[in-house]
Amino acid sequence: MEPATTLREFHQWSITDRDGFWREQAKLIYWHKPFKQVLDYSHPPFTRWFVGGETNLCYNAIDRHLDTQADKPALIFVSTETGVERTYSFRQLHQEVMRMAAIFQQLGVGRGDRVLLYMPMIPEAVFAMYACARIGAIHSVVFGGFASHSLASRIDDAGPKLIVSADGGMRGGRVIPYKPALDEAIELSSHKPTHCLLIDRGLAPMARTQGRDVDYEPLRQKHFGASVPVTWLESNEVSYTLYTSGTTGKPKGVQRDVGGYAVALAASMKHIYCGNAGETYFSSSDIGWVVGHSYIIYGPLLAGMATILFEGTPICPDAGILWRLVEKYRVTVMFSAPTAIRVLKKQDAGWLKKYDTSSLRALFLAGEPLDEPTARWITEGLGRPVIDNYWQTETGWPILTVAHGVEKTPPRLGSPGMPMYGYDVRLLDLETGEEVGPNQKGVVAIVPPLPPGCLQTVWRDDKRFVSTYFSTLPGKQVYSTFDWGIRDSDGYTFILGRTDDVINVAGHRLGTREIEESITSHPAVADCAVVGVSDPIKGQVAMAFAVLRDTKRGQSAEDRALLEKEIMTLVDKQLGAVARPTRVHIIDGLPKTRSGKVLRRSIQAICEGRDPGDLTTIEDPGVLEQIRKATAISIAA
Ligand code: AMP
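**Quick word on the overall build of the protein chain**
Move 1: Across its full length, the protein chain carries 20 helices and 32 strands.
Move 2: Relative to the globule expectation of 26 Å for 637 residues, the C-alpha radius of gyration of the protein chain, 24 Å, shows essentially globular dimensions.
Move 3: Taken over the C-alpha atoms alone, the protein chain extends approximately 70 × 60 × 55 Å along its principal axes.
Move 4: Burial status across the protein chain gives 61% buried among its 637 residues.
Move 5: Of the contacts formed within the protein chain by residues at least 6 apart in sequence, a portion of 70% connects residues at least 24 apart.
Move 6: Just so you have it, the protein chain exposes about 24,100 Å², and 52% of that area is on carbon and sulfur atoms.
Move 7: On the protein chain, the mean spot of the 70 positive side-chain charges and the mean spot of the 72 negative ones are 2 Å from each other.

**As for the domain arrangement of the protein chain**
Move 1: Each assigned domain of the protein chain is listed with its residue range as follows: domain 1 (7-312 + 389-483) and domain 2 (506-631).
Move 2: Domain 1 and domain 2 are separated by 33 Å when their C-alpha centres are compared.
Move 3: Across the boundary between the two partners, domain 1 contributes 19 residues, which contact 14 residues of domain 2.
Move 4: Between the two partners, domain 1 and domain 2, sit 2 salt bridges.

**Section: the side chain of Thr313**
Move 1: Assignment of secondary structure puts Thr313 in the loop between β17 (306-311) and α12 (321-329).
Move 2: If sequence neighbours within four positions are ignored, Thr313 has contacts with Thr80, Glu81, Arg171, Gly172 and Ile321.

**Concerning helix α5 (residues 90-106)**
Since one α-helical turn is 3.6 residues long, residues separated by three or four positions face the same way.
Move 1: Over its 17 residues, α5 extends 24 Å from the first C-alpha to the last, a length consistent with the 24 Å expected when each residue adds 1.5 Å.
Move 2: Across the 17 residues that make up α5, a large majority, 12, are buried.
Move 3: Turning to α5, its buried residues number three or more, namely Phe90, Leu93, His94, Glu96, Val97, Met98, Arg99, Met100, Ala101, Ala102, Ile103 and Phe104.
Move 4: Phi turns positive, to about 85 degrees, at Gly108, one or two residues after α5.

**Some points on the nonpolar core**
Move 1: Of all hydrophobic cores here, the largest spans 118 residues; its most connected members are Trp22, Phe104, Tyr130, Leu197 and Tyr298.
Move 2: Examining the composition of this core, we find that 10 residues originate from one element, helix α6 (residues 123-135), more than from any other.
Move 3: Setting aside anything within four residues of it in sequence, one finds Phe104 in contact with Val109, Val115, Ala128, Ala131, Cys132, Ile135, Leu162, Val164 and Leu197.
Move 4: Membership of the second largest hydrophobic core comes to 27 residues, among which are Leu325, Ile341, Leu352 and Leu365.

**Details of the sheet that holds strand β23 (residues 424-428)**
Move 1: An order of β23-β24-β26-β27 is seen for the 4 strands of this open sheet, with the pairing classed as antiparallel. Since the sheet does not close on itself, it has two edges, and those belong to β23 and β27 (493-498), each with one partner. For this sheet the average axis-to-axis angle between neighbouring strands, irrespective of direction, equals 45 degrees.

**Quick word on a positive patch on the surface**
Move 1: On the surface, a cluster of positive charge is contributed by Lys441, Arg513, Lys597 and Arg601.
Move 2: When you line up the elements, Lys597 lands in the loop between β32 (583-587) and α19 (600-607).
Move 3: Relative accessible area serves as the criterion here: at 58%, Lys597 is assigned to the exposed category.

**As for unusual backbone geometry**
Move 1: Cis geometry is adopted by the peptide bond preceding Pro45, which originates at Pro44 and carries an omega value of 0 degrees.
Move 2: Locating Pro45 in the fold gives a position in the loop between β1 (37-43) and β2 (46-51).
Move 3: A cis amide bond, omega 5 degrees, links Pro448 with the succeeding residue Pro449.
Move 4: One can find Pro449 in the loop between β24 (442-447) and β25 (457-458).
Move 5: One non-glycine residue, Phe50, adopts positive backbone phi at about 55 degrees.
Move 6: As for its placement among the helices and strands, Phe50 is situated in strand β2.

**Some details on the pattern of salt bridges**
Where side chains of opposite charge bring their charged atoms close, a pairing between them can arise.
Move 1: For the coordinates displayed, the defined rule picks out 38 salt bridges.
Move 2: When the shortest N-O distance is used, the salt bridge between Asp200 and Arg208 registers 3.4 Å.
Move 3: Among the residues examined, Asp200 registers a relative accessible area of 43% and is labelled partly exposed.
Move 4: Of the residues examined, Arg208 reaches a relative accessible area of 37% and is grouped as partly exposed.
Move 5: Beyond isolated ion pairs, a larger network of salt bridges with shared partners links Glu96, Arg99, Glu217 and Arg220.

**Remarks on the site of the ligand**
Move 1: Lining the immediate environment of the ligand, one finds 14 residues, of which Asn389, Thr393, Asp483, Arg498 and Arg509 sit closest.
Move 2: One of the side-chain N or O atoms of Asn504 is found 3.2 Å from an oxygen atom in the ligand.
Move 3: Residue Arg509 places a side-chain N or O atom 2.6 Å away from an oxygen atom belonging to the ligand.
Move 4: In isolation the ligand has 500 Å² of accessible area, and contact with the protein removes 93% of it.
Move 5: Listing elements by their share of the shell around the ligand, those giving two or more residues are β20 (386-389) and β27.
Move 6: For the shell around the ligand, the class distribution of residues is 4 nonpolar, 5 polar and 5 charged.

**Re the sheet that holds strand β15 (residues 252-256)**
Move 1: Read from one edge of the open sheet, 8 strands run β12-β11-β8-β6-β7-β14-β15-β25, paired in mixed fashion. One side of each edge strand has no neighbouring strand; the edge strands of this open sheet are β12 (213-215) and β25.
Move 2: Note: β15 against β25, 2 bridges, orientation antiparallel. Within β25, the position partnered with Val254 by the bridge is Val458.
Move 3: Strand contacts of α6: β6 (114-118), β7 (138-141) and β11 (195-199), with the helix running at about 165 degrees to β6, the strand carrying the most contacts.

**A look at the side chain of His139**
Move 1: Of note, His139 is situated in strand β7.
Move 2: A distance of 2.7 Å separates the side chain of His139 from the side chain of Tyr298, its partner in a polar contact.
Move 3: Apart from residues no more than four positions distant in its own chain, His139 is found in contact with Val115, Leu117, Met129, Cys132, Ser239, Tyr240, Thr241, His293 and Tyr298.

**Describing the pairing of β23**
Move 1: Burial within β23 is extensive, with 4 of its 5 residues counted as buried.
Move 2: Pairing analysis gives 5 bridges linking β23 to β24, with the strands arranged antiparallel. Considered in β24, the bridge of Arg426 is made with Ala445.

Calculation criteria
- Numbers given for residues are sequential positions, taken from 1 along each chain in its written order.
- Per-residue local features are limited, in this predicted model, to residues with pLDDT of at least 70; the limit for side-chain atom pairs, both in listing and counting, is 80 or more; totals at the level of whole chains, interfaces and linings are taken over all residues.
- Derived side-chain values reflect all non-hydrogen atoms in the structure, with water molecules and hydrogen atoms excluded from consideration.
- Counting from the N terminus, the helices are the DSSP runs of H or I reaching at least four residues and the strands are the DSSP runs of E reaching at least two.
- For a compact globule the rule gives 2.2 Å times the number of residues to the power 0.38, and the radius of gyration it is set against comes from C-alpha atoms.
- When a residue's accessible area, from a 1.4 Å probe over protein chains only, is under 20% of the maximum for its type it is buried; when over 50% it is exposed; and in between it is partly exposed.
- In this description, contact between two residues means that some pair of their heavy atoms is separated by no more than 4.5 Å.
- All accessible-area figures derive from a Shrake-Rupley calculation using a 1.4 Å probe, and residue coverage is judged against the displayed protein chains alone.
- In this tally, Lys and Arg are treated as positive and Asp and Glu as negative; His is ignored, and so are the chain termini.
- Charge positions are represented by NZ for Lys, CZ for Arg, CG for Asp and CD for Glu.
- Segmentation into domains, and thus their bounds, comes from an automatic or database assignment.
- The term salt bridge refers to a side-chain nitrogen of Lys or Arg lying within 4 Å of a carboxyl oxygen of Asp or Glu.
- Given a helix with a known number of residues, its expected span is that number minus one, times 1.5 Å.
- We call a set of buried residues a nonpolar core when its members are Ala, Val, Leu, Ile, Met, Phe, Trp, Tyr or Cys and they connect through side-chain atoms within 4.5 Å of each other.
- Strand pairing requires that DSSP identify at least two bridges connecting the strands.
- Here the axes come from fitting lines to C-alpha atoms, over the contacting stretch only for helices, and the angles between their N-to-C directions go from 0 to 180 degrees.
- Patch definition: residues above 30% relative accessible area lacking any salt bridge, with like charges linked at up to 9 Å and the nonpolar side chains Val, Leu, Ile, Met, Phe, Trp and Tyr linked at up to 5 Å.
- A single heavy atom is enough: if one lies within 4 Å of a molecule or strand, its residue is considered near that molecule or strand.
- Polar contacts, as used here, are pairs of N or O atoms within 3.5 Å; protein pairs need one atom able to donate a hydrogen and one able to accept it. Residues neighboring in sequence count only if both atoms are side-chain atoms.
- Each residue gets one of three labels, nonpolar for Ala, Val, Leu, Ile, Met, Phe, Trp, Tyr, Cys and Pro, charged for Asp, Glu, Lys and Arg, and polar for the others, Gly among them.

So this is what it looks like as structure tokens:
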């Protein structure tokens, strides 16, 4: 089929001639050995893309550009926290990655071994991810904002031979030590890594465990001239796992392949982000999230672009920092989150005009709903298209957006856009599994096979992959995103929120169950419920309601305040500040159905001042009044 000219035709091509479409996209990357089959879908819903083909993510992102742009910028590191700003060319990045790969090999890491990264936003994190990709090790990056318990459960699930970490990171001028949390996590976990490789930035004291902990810098010197050849990997070998929250307390390891992911990202750089070799891409996300993996680490470099790695916040030293970087590095493609823009919107708008942002072709926003006032403010301020992306850790690249590399479809305020090529997106009735009509609410579902780049399975848990994602809608084996959506008559889809108990705080996806488990580990707490409550800046915040054991605690207002503090500190310590609820209300009981199910939606509705809905099944209606009072007081406070 001939390349299509409209997005609708392009999408149609990807669905009706799947093999032809993806064979064409596969030309965007280098294959050491050509694939024999575009898609093996003999065991639905499992997909195997580009079967038999051999390639390598590191080769495609770095080595491949050495002939044409070895001395052009590849990695631009900017830390407004430490004042360090440094650019690595493709040649320098190549050398650093080979040094890191040689260190990994010396530490016994090889193909298929897991390497867990618990790191701040520093160049060594990029070297480590690419070193894994180069030698066929599987990286598993854990967001630096997570604390010891979250880290321990991920260590146990990933089973890493090596952990790479650092003494600390910085945020808002404050040092955040990493090593104590790491030591505590290893203490808590059943699996023990053979080694921890430590980057000492001179920010925080760092204890070493003899025999296990090794320092990076001396090893880097030792392997200064290292040359580590690329390990060619079959397309379906595992490139990485990345943990994400669901409705159970146990996070899921989203597992991704090599070839499918490389092709998906390269195609998205061409069709969605329109980035060209020699230009600069700036994503203000974190390497601990999927956006960081796809559009800080791999995507831009696959396209031959330079990528900015930013350690800092959007308002430090002032609210002009992001735009100053756009001007300085002539950024053409920028990626951020609605929360960051809402934070900037609260500041003086003059910052946006102070810098020359004319190099920007578009600003992409993702990870959480983009509200209309924010979209309008930034669109008017920048004078450039602001493009909403809807996707998930599981998919690795956008499900819904507009693709200006294919057709200049105008974005529509409040909607991320249209189904992207490769995704057969349907809106289904949760009860019947039937498709809903235009302007009717349904679950956003994808008819498999999922396109390249999406998760292959849940790490070490094929059953969970099928039962979590493909078994929730009646009568059909379709992938559920667990989001509600609605489509207008022009085909623009709008996202209306989650169908499950997952909440989204400033673009960070959190499972309420995980936070509840942490809170109930406090000795005074018997039961608890956590809900997401709408917030003007962060989109949502977590709010907790705790029921105490029959103890002497919580009798006075002072003790309730003290308990609230203790519980928040506990969540901070176990899961990280990112999961800390804004309030912990102490109440006498939780609203439950007679069968014992907590009515989270009703709690949430009360917190947001909405009608709590049908409460005929509730066991003790009195507790709702308590929740109403507690939240009214907290709103007044
Ligand atoms: P994560 O896997 O952490 O990226 O979270 C994915 C979830 O974030 C989705 O299932 C949605 O609930 C939400 N989300 C991501 N992008 C958007 C968007 N553009 N609009 C609305 N919700 C979004």
